[in-house]
Amino acid sequence: MNVVFAVKQYVSKMIEDSGPGMKVLLMDKETTGIVSMVYTQSEILQKEVYLFERIDSQNREIMKHLKAICFLRPTKENVDYLIQELRRPKYSIYFIYFSNVISKSDVKSLAEADEQEVVAEVQEFYGDYIAVNPHLFSLSILGCCQGRNWDPAQLSRTTQGLTALLLSLKKCPMIRYQLSSEAAKRLAECVKQVITKEYELFEFRRTEVPPLLLILDRCDDAITPLLNQWTYQAMVHELLGINNNRIDLSRVPGISKDLREVVLSAENDEFYANNMYLNFAEIGSNIKNLMEDFQKKKPKEQQKLESIADMKAFVENYPQFKKMSGTVSKHVTVVGELSRLVSERNLLEVSEVEQELACQNDHSSALQNVKRLLQNPKVTEFDAARLVMLYALHYERHSSNSLPGLMLDLRNKGVSEKYRKLVSAVVEYGGKRVRGSDLFSPKDAVAITKQFLKGLKGVENVYTQHQPFVHETLDQLIKGKLKENVYPYLGPSTLRDRPQDIIVFIIGGATYEEALTVYNLNRTTPGVRIVLGGTTVHNTKSFLEEVLASGLHSRSRESSQVTSRSASRR
């Protein structure tokens, strides 16, 4: 179950099926992102694709010597663009691939428009999601719900994305969902409807144990997306932001022109692939080794080129040398900037208190530490508000709750009203009243003993003691102990055996910390394969935007208008 491989295979097959000759790849805004996550431009160039165009760009030239491979989402807008294209074709022949199920009436409209008979084939290739890591996918939807219910357009897009994922992995699953979430139940029903309607597509070879789709809601764990991160991929997203593998470094002081935007992709960057799940301290020493390695190779390359053989060797090694030089400067820059932000924003101290708020139950110590940090001028308004949000979520119903005092401290610190309002919004979004499960205090004897022993032993790493709630949920699921009254099955049948292939989907967005949890579970649990997906992949900033977009904190008209202005989809 590798989502990067699944999408990559679709793209390769499209290009192979069009045969030899020069080609143009015609995409829309979303499929451009989908393809760029699994293939670099230079890799595609090697397959005779010399031009990349958007179907919606008006001034494309007529190039009859090129074959067109069209990879598009099956939206009404795209079908209309294709109809216009086929009436006045710019290329010699068209191979059309839709990223999801296309209606018969749309195919008929395309056939009618194809008067010059330039269409060689129309197919459905289900790469309708962003493959982030081999076990992590996203739909790049920010603000999927209005209040507690789906925005209808986003429900439709999420259903399409999730059913495409199932088709691309060739899975027809049983479905379980979080009972406390109306949105989870609704999505489960929509996915089931598609599986029933398109039953022929879902007729895969039966496995002994059927796959399982588990649908969760972000509201059940609002803590995870609020924490600072200390593993490479998660930390880069938290402090710099990753958008389709791209990192914007233009704000870095003294940045050179060619490093203003860099790409971090495990598919094409060995250092990143080996280090993305390691913690910050290890990255530092690995960067040092990478530099030393580079230095060793450098003088040899620059020695005198006396013979033809020397020159030949230099030319042969130059591309690797150049690639290595690019890798070194990129990672040194990224790690250097992370390091600068950590010290500038006092993040080690902030993170230690965040972890205490997330994992310990000592109210007076937590309150004291939060108050102390709010007085520290190095702590930004963003981090100050985040600490108060974590406090508000954890000690919401504590008898000595001191939230009003902390809110006053935020105001005195000069924290803007936007962030102060978000404190109550986050509690409204993921507070005790909403959660279907107990996030903070373990109820059963085993969990209490575990916590007690952990307290005795001390924590291996104070900055990474937090485990996302999805860890416990998956652990219970793998052991066959996940309670059916909290996570019921959709429909009458249940799973007798322990599940082997599990797809977890989080409405409201997943995080890189949860992706790390899934990566570790895959590594340490033989016979179990897990893929994690979300409407998006959050850092704290985007999670707070998600909370704002839901409009929960203020039932005013303007906030609901913000969320509903998304393109309506079929």
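Sequence order as written defines residue numbering, which begins from 1 separately in each chain. Only residues with pLDDT of 70 or above have their local features reported here, since the model is predicted, and side-chain atom pairs are shown and tallied only from 80 upward, although totals for entire chains, interfaces and linings are computed over all residues. Only heavy atoms go into the side-chain values, all of them from the structure, while hydrogens and water stay out.

In the annotation of an unreviewed UniProt entry, the protein is listed under the name Vacuolar protein sorting-associated protein 45 and assigned to Ursus maritimus. Check the Sequence similarities (unreviewed entry) section of the UniProt entry for the protein; it says "Belongs to the STXBP/unc-18/SEC1 family." UniProt positions are given in the numbering used here, feature names are shortened, and annotations may be inferred rather than shown by experiment.

A. Geometry of unusual backbone geometry. If you check the backbone angles, N244 has positive phi at about 50° while not being a glycine. Residue placement: N244 occurs in the loop between β12 (242–243) and β13 (246–248). Residue burial is assigned from relative accessible area. The probe radius is 1.4 Å, only protein chains are included, and a residue is buried under 20% of its type maximum, exposed over 50%, and partly exposed in between. Here N244 falls in the partly exposed class, since its relative accessible area comes to 24%. Backbone geometry at N346 places phi at a positive 60°, although glycine is not the residue there. For helices the rule is a DSSP run of H or I covering at least 4 residues; for strands it is a run of E covering at least 2, with both sets numbered from the N terminus onward. Residue position: N346 is located in the loop between α11 (308–344) and α12 (347–359).

B. Representation of the pairing of strand β4 (residues 93–98). Counting buried residues along β4, five of its six residues qualify, which places the element largely inside the surrounding structure. DSSP-based pairing: two strands are paired if at least 2 bridges between them are found. Direction of pairing for strand β3 (residues 67–72) relative to β4: parallel, over a ladder of six bridges. When the bridges of β4 are listed, I69 appears paired with F95. Viewed along the sheet, the connection from β3 through helix α4 (residues 76–87) into β4 turns out right-handed. Taken together, the five bridges between β4 and strand β5 (residues 119–124) define a ladder with parallel strand orientation. Among the inter-strand pairings, F95 is bridged to a residue of β5, identified as E121. Handedness is read with the strands pointing away from the viewer; a crossover is right-handed when the path from the first strand over the helix to the second is clockwise. Assessed by its sense of winding, the connection that carries the chain from β4 through helix α5 (residues 104–113) to β5 is right-handed.

C. Quick peek at the packing of α12 against helix α14 (residues 381–394). Angles run from 0 to 180 degrees between N-to-C directions of axes, and those axes are lines fitted to C-alpha atoms, restricted for helices to the stretch in contact. One way to put it is that α12 packs onto α14 with a least axis distance of 9 Å and a crossing angle of 10°. With respect to each other, α12 and α14 are oriented roughly parallel. Residues L347, V350, V353, E354 and L357 of α12 lie in contact with α14, whose contacting residues are D383, R386, L387, L390, Y391 and H394. Side-chain classes follow a simple rule in which Ala, Val, Leu, Ile, Met, Phe, Trp, Tyr, Cys and Pro form the nonpolar group, Asp, Glu, Lys and Arg form the charged group, and the remainder, Gly included, forms the polar group. Looking at the contact of α12 with α14 residue by residue, the class counts come to seven nonpolar, one polar and three charged. An angle below 35 degrees is treated as roughly parallel, one above 145 as roughly antiparallel, one from 65 to 115 as roughly perpendicular, and anything else as oblique. In this description, contact between two residues means that some pair of their heavy atoms is separated by no more than 4.5 Å.

D. Structural context of the packing of helix α13 (residues 363–374) against α14. At a minimum axis distance of 10 Å, the contact between α13 and α14 shows a crossing angle of 165°. The angle between α13 and α14 falls in the class roughly antiparallel. Remark: the crossing between α13 and α14 carries left-handed chirality. Across from H363, L367, V370, L373 and L374 in α13, the residues of α14 making contact are A384, L387, V388 and Y391. Per-class residue counts for the contact of α13 with α14 are eight nonpolar, one polar and no charged. Take the far helix as the reference: if the near one is turned anticlockwise from it by less than a right angle, the crossing is left-handed, and if turned clockwise, right-handed.

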